[in-house]
There are 2 protein chains.
Amino acid sequence: FSSLYSQIELNITQICLAKECSEDEVSETKLNEDPKVHGIYLHLPPASLTSRVLNTLKPEKDIDGISDLNMGRLVRGDLSKVFVPPRASAVLDLLEKHDASSEGKTILLVGGEGSFGLTLQCLIEKNGMVALKSNWNSKSLQRQVCLCLCVCVDIEISRAQKPKPVDQLAEQIGLLPEELEAYGRSKAKVQLSLLNRLHAQPDGKYVLVAGITPTPLGEGKSTVTIGLVQALSAHLKLNSFACLRQPSQGPTFGFNLHLTGDIHAITAANNLVAAAIDARILHESTQSDKALFSRLVPSVSGVRKFSPIQISRLRRLGINKTEPASLTPQEVHTFVRLDLDPSKITWQRVVDTNDRFLRKITVGQASTEKGLIRETGFDIAVASEIMAILALADSLEDMKNRLARMVVGTSRSGQPVTAEDLGVSGALAVLMKDAIKPTLMQTLEGTPVFVHAGPFANIAHGNSSVLADKLALKLVGRDGFVVTEAGFGADIGMEKFFNIKCRASGLRPNVVVLVATVRALKMHGGGPNVSAGTPLPKEYIDENVDLVAGGCYSNLRKQIQIAHLFGMPVVVALNVFRTDTQAEIDLVCQIAKECGASDAVPCYHWAQGGRGSIELAQAVNEAANTPSNFQFLYHLEMPIVEKIRVIAQKVYGAEDIELSPEAKAKIDYYNQQGYGSLPICMAKTHLSLSHMPDKKGAPTGFVLPIRDVRASIGAGFIYPLVGTMSTMPGLPTRPCFYDIDLDPVTEEITGLF
Amino acid sequence: FSSLYSQIELNITQICLAKECSEDEVSETKLNEDPKVHGIYLHLPPASLTSRVLNTLKPEKDIDGISDLNMGRLVRGDLSKVFVPPRASAVLDLLEKHDASSEGKTILLVGGEGSFGLTLQCLIEKNGMVALKSNWNSKSLQRQVCLCLCVCVDIEISRAQKPKPVDQLAEQIGLLPEELEAYGRSKAKVQLSLLNRLHAQPDGKYVLVAGITPTPLGEGKSTVTIGLVQALSAHLKLNSFACLRQPSQGPTFGFNLHLTGDIHAITAANNLVAAAIDARILHESTQSDKALFSRLVPSVSGVRKFSPIQISRLRRLGINKTEPASLTPQEVHTFVRLDLDPSKITWQRVVDTNDRFLRKITVGQASTEKGLIRETGFDIAVASEIMAILALADSLEDMKNRLARMVVGTSRSGQPVTAEDLGVSGALAVLMKDAIKPTLMQTLEGTPVFVHAGPFANIAHGNSSVLADKLALKLVGRDGFVVTEAGFGADIGMEKFFNIKCRASGLRPNVVVLVATVRALKMHGGGPNVSAGTPLPKEYIDENVDLVAGGCYSNLRKQIQIAHLFGMPVVVALNVFRTDTQAEIDLVCQIAKECGASDAVPCYHWAQGGRGSIELAQAVNEAANTPSNFQFLYHLEMPIVEKIRVIAQKVYGAEDIELSPEAKAKIDYYNQQGYGSLPICMAKTHLSLSHMPDKKGAPTGFVLPIRDVRASIGAGFIYPLVGTMSTMPGLPTRPCFYDIDLDPVTEEITGLF
């Protein structure tokens, strides 16, 4: 012990500072010399946390729950205020694990949803920690800088930071060994058979984390989600599970954080469909009906048989025959010719890299393709309809059927052509059979997390998977909690969660947690423009209760009302930043309750981890025990136009909608094809309740323009386009990869920050 | 036991037949009614192999080594001849595992390198068995049909088929738990740190399996490799390891058999480079030197610093400064402008799907790319230079340096532009950090196998990885054997193995096993054309010693001589087919020895598994203990043209070579760039020793035309193009995916055969 004791003495003199400041403020900081320093971090192994040690450390605050915080300890420094910022601990953890030579080195840990995602993605790679959703703007990586001046602590101590082995975690949450498929030491897929085994088990409480309309910097829904489950687990001792989306590799410049390969599987499946489309067009253009038929239904040992996939196509064509020889020439013609109209193919190829030059391309230019050139493009992999399907499927069979239904284009006679018509649907199901199993991981505090699916929040529904939620709800049991997260603001992510995801899952949430920040509220209250890369205007640093009040009475109130449209109780979670004053914090909580929130509490998870979210956990627990009377916003049987109008008027606050002729024509076509009763998935900016990104607060009296309307028949929704959506990001002039390097000897990654 | 006993009785009446026949002969076969039936398979759990059971079964042959064969048993049937064909057992295994309802169903198990690869790839997915290299021609899947009329045996029994858990296998071969990274239950990556731990351990014997010039059907190098290690392990009780290539997903229509994700990592890395190239061209075209510089070397907390990758570029530009402010405007210009010539970009994007329409495309057609359109294309992922590097790298550092050196194109002033110039080299190393670890798996008989890397055998070197061989050589120890395989015929795969792979690894092989088949020898002896899809001409079914002799004295002799050029002892392995007669078999072995082979033996692994290769194992063991005096074919310092000529004349038997003007110009350019001393990687057809696929035997007196010359600077070779090579296969009219399906309830894959 004495050696450990001296080690602690050592560490008290070698401490880690953490503060938040704008890029320009970053500078070599000496301990105690910097007024902005508000964090002091001492990193100890749980083993060392004997009362004698703790007394020696003389913590400034009571050490209640200290044994639950296995990431660092509060100690008295010579500083006025003491925290353990999770980000600092993450950095320190990274330093210890990734850069043994970082003594005294200045590390930039970038903040913001995207980059915080990056931090933890890096942790995943090394330790299997949890990834948070990263956003699309690589520039955000230069933003909201958090400086940590760190030192390496003893390697024995750093070992204490390792997450528990995934099989141990699995056992703790009641999984059987045979239900687990380990990928390395800290990631595992969970088999869907669990749903059968726990069939009789009652579901736990179901909590949705949504947000007010965010600034371009993001307001921390994902961190609130993590803080909440940590508080529920470690402090309220309630079983709890977080369900998060898997970040795309694109924004992390194609980083191969392939987790358990789900996005690779989606890419393979998506591009198999694309290859099948063009190859089929080629083969139809060069072969007679007879030749096509004899190849599509080959004679094996003198016998021709239709494959099940072909039988199913025949059914849809109204040909109720199973004997190939019995088809009439006309039936053979109908069967063998998809007759795809090259100008009406909607299926795009995908790649999980930010490759802007693939946005619009011409394919088929080699002489071997017989001049069948056409224009098409690539999307980022997570924009694939297959990702949206992965998130909505509630069983292997459901996924298989959705994959078969995917419409890839239209025939020259105007008929939709599906993946099944291409004969590829069975193969797609096989390609996706492992991806459908959620991936089990853990938070920095060791609570379980499912990372599964991450569809776009504009052209798709932006929610994590139905199956992850279902498995988690069984695992936590009646009194437990599952906290899942919806992308963007509540007007988008939450509305889609209810009208699309809950319809697909049949699940009904108990509480909505609405995340707000003083920063975003000030913006909605009329504060100056907040943008990437530039330091925050002083209105956002200094106290300004008027701006805060303005934001509360506009955007916050409106978002609360939206949740009430669905009959849900709302708990407002104020994600507190260092610059927020008590007056501002109190004001937000007071107005939020005025506006109908069941409760409104400040969250200090950023500063204190799970302990910082205890109040939120208590509020959520209380709200979850009040009866909710959930209802959908619209009936599926309503005409498409009406469904769009309801969302525009009731959710966005629009006066009305205005359809382009294109949009009108598409809607007519979808109705005629029998797609009229699908739910609506609006593709709208997340930066305003309206379609105008710079209209903050709660705009009214505007007419929402519907530029075009598209459909994801497999995923099962119609998506009206409000403005243009980029489905393929690009690389900046200096992508982060300039700093990324690998130490060939230690195998450690450097330069991620 | 009695219940098991009755079960056995049951199985004796429900047995599995296996025969080889042409597609037309396939028909519903009743037990004992079909004269062609020569296989009878009874499938038992090892537990049941008590002497009493074995006596009951009255094996026709001695049951020596029976306890080693954990895949099936020889039993007396009412049949004249009895085997346990591994393919039949593989099918039975598949049936039991994948299709519980297959009682009495007729299964087509396709043969040929490619399709056999497919069989086992399917086994991998389910059981982590070994994948064999699949070839490029999907049509081969309709070929060399082997009919199995099978029944499902008791599920308890089928469980006995499961491979041992990978951690158990790892322990058996002396790996420490911390050196293993499990991927599921039966696959694991092995850490390179093993090389340090076993540094002092002497290497085992190193055996290369090559082949004579094959028919389009493939002659079974991979199966000989597996048979050989099984015989060495199970029967000669020598430690032995097989090192195989990872099959591409492409030919299996983009099947997501992603193993441990190596090919996905290569795809991500390759396409990151591609995205960086086009994005850089765009940014250079729209920004001033000053703007580029301030973005490429951004001010962080008021300080501008070059990243290590940028410093390294400065060095290569001859600018020995580290202080950004100190660069002259001219130096800034030189530093920030790669000035890539769009018409001279050699880097292609890749996808691991057979997508022919991506062979030639135009990118950058979206308005956001400012009209910077250019023509380019996609290759199949395994054609990426990064795959060739993965196979040649002998350490993480070596891989990192090779990745940095990759030349992606030429500047307008004619300078090569590298991955490091793009600033992406560090990120590439990080993307590939897991892929560099070989994947441990096992054969059907439970002997260890590394599956690692699978580069093209024409535009690349076609050999599995240097690191897999090195790790395996340490693991087997001094008296053990590592059997590795070279793609195509010995004139291509073996020549590249010696002149390229052995140069990179520093390893020296002890023996060359040259695989021949009576079928291929008859073709070289003047037999009729052998082609895919059509039944074999009768010359190949009936005895014909003249054709056999012709093939032995031409192609076989020549290939033996090629091995002798390198000073290697050669053991000829005749891969025996059912139709081969004793006279033909004896003749091949006799002539092979005449022509200088140390030994020549028939192999019955196809029929008997490892037991069928015991004679080969003994011959190889003997030859390995005779001293070899290995030598390279050429010195690296020879001029490029001379190196090409030596290969053409000494290996292929050409009169001379003829260079196109393009080829001449390229060679001058490479010399001028200092690439003159790289080894040569010929891109030539594998169907003839010459460049003319239909010239069989051992052609002479021809002039080898060198159409063009290219370079893979990172991989480290120059590759002259003899004829045209397709680097992107296409899908046939009816790809196999029509039959593929997934049972949503049992999660079992159906229709792979």
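Residues numbered from 1 in each chain as written. Chains lettered and ligands numbered in written order. Predicted model: local features only at pLDDT ≥ 70, side-chain atom pairs only at ≥ 80, totals over all residues. Heavy atoms only, no water.

So, about helix α24 (residues 661-672) of chain A. Residue and element names in this part refer to chain A. With twelve residues, α24 extends 17 Å between its outermost C-alpha atoms, agreeing within 8% with the 16 Å of an ideal straight helix rising 1.5 Å per residue. Of all the residues in α24, the buried ones are A663, I667 and Y670. Down the axis, α24 shows its buried residues gathered within 65 degrees of arc, on one side only. Seen from the buried face of α24, the exposed residues on the opposite side, beyond 90 degrees, are P661, E662 and Q672. For α24, the secondary structure elements touched by its buried residues are α23 (640-652), β24 (656-659), β25 (703-706), β26 (708-712) and β27 (717-721). Phi turns positive one or two residues past the end of α24, at G674, with a value near 80 degrees. (Helix = DSSP H or I, 4+ residues; strand = E, 2+ residues; numbered from the N terminus. Expected span 1.5 Å × (residues − 1). Buried < 20%, exposed > 50% of the residue type's maximum accessible area, 1.4 Å probe, protein only. Arc of directions from axis to C-beta. Contact = heavy atoms within 4.5 Å.)

Another point: the pattern of salt bridges. The full count for this structure, using the stated rule, is 62 salt bridges over all chains. Between K470(A) and D394(A) there is a salt bridge, with the nearest N and O atoms lying 3.8 Å from each other. With K470(A) in helix α16 (residues 466-476) and D394(A) in the loop between α13 (385-392) and α14 (396-405), the pair connects residues that are 76 residues apart, well separated along the chain. Relative accessible area serves as the criterion here: at 27%, D394(A) is assigned to the partly exposed category. Notably, a salt bridge pairs D289(B) with R337(B), separated by 2.6 Å at the nearest N-O pair. Taken together, the positions of D289(B) in helix α10 (residues 289-296) and R337(B) in the loop between α12 (329-336) and β11 (340-345) put the pair 48 residues apart, joining distant regions of the chain. Bridged by salt links that share partners, the residues E181(A), K433(A), D434(A) and K437(A) form one connected network. (Salt bridge = Lys/Arg side-chain N within 4 Å of Asp/Glu carboxyl O.)

So, about the pairing of strand β5 (residues 180-183) of chain B. All names here are of chain B. Alignment of β5 against strand β6 (residues 187-190), held across four bridges, turns out to be antiparallel. For L180, the partnering residue across the bridge sits in β6 and is V190. If you look at the hairpin formed by β5 and β6, you'll find three residues sitting between the two strands, and G184 has a positive phi there, around 75 degrees. (Pairing = 2+ DSSP bridges.)

Hydrogen bonds along the backbone pair up the strands of a sheet, which may run parallel or antiparallel. Residue and element names in this part refer to chain A. What the three strands build is an open sheet, ordered β11-β16-β17; its pairing is antiparallel. With one partner strand each, in any of the chains shown, β11 (340-345) and β17 (416-418) form the two edges of the open sheet. The average undirected angle you get between the axes of adjacent strands in this sheet is 50 degrees. Looking at chain direction, strand β16 (residues 407-411) and β17 are connected through three bridges and run antiparallel. In the sheet register, V407 faces β17, and the bridge partner there is T418. (Axes fitted to C-alpha atoms, helices over the stretch in contact; angles between N-to-C directions.)

As a further point, take the domain arrangement of chain A. Residue and element names in this part refer to chain A. Domain annotation for chain A reports domain 1 (17-79), domain 2 (84-150), domain 3 (166-250 + 435-625), domain 4 (262-432) and domain 5 (640-721). Averaged C-alpha coordinates put domain 3 and domain 4 at centres separated by 38 Å. Interface of domain 3 and domain 4: buried area, both sides summed, is about 1,900 Å²; carbon and sulfur atoms make up 63% of it. In this structure, the connection of domain 3 to domain 4 is made through two salt bridges. Of the charged contacts, one joins D262 and K189 as a salt bridge, the two residues approaching to 2.6 Å between their closest N and O atoms. Among the secondary structure elements, those contributing two or more residues to the side of domain 3 that touches domain 4 are α16 and α17 (490-505). Among the residues forming the side of domain 3 that touches domain 4, the class breakdown is 13 nonpolar, eleven polar and four charged. (Domains from an automatic or database assignment. Buried area = accessible area lost by both parts, 1.4 Å probe. Nonpolar A, V, L, I, M, F, W, Y, C, P; charged D, E, K, R; others polar.)

Let us look at the relation of the copies chain A and chain B. Between the two copies, chain A and chain B, the superposition gives an RMSD of 0.0 Å; the rotation angle is 180 degrees and the shift along the axis is 0.0 Å. The superposition operator between the copies reduces to a two-fold rotation axis. A shared binding surface is used by both copies, with 99% of the interface residues of chain A retained as interface residues in chain B. (Least-squares fit on C-alpha atoms with pLDDT ≥ 70 in both.)

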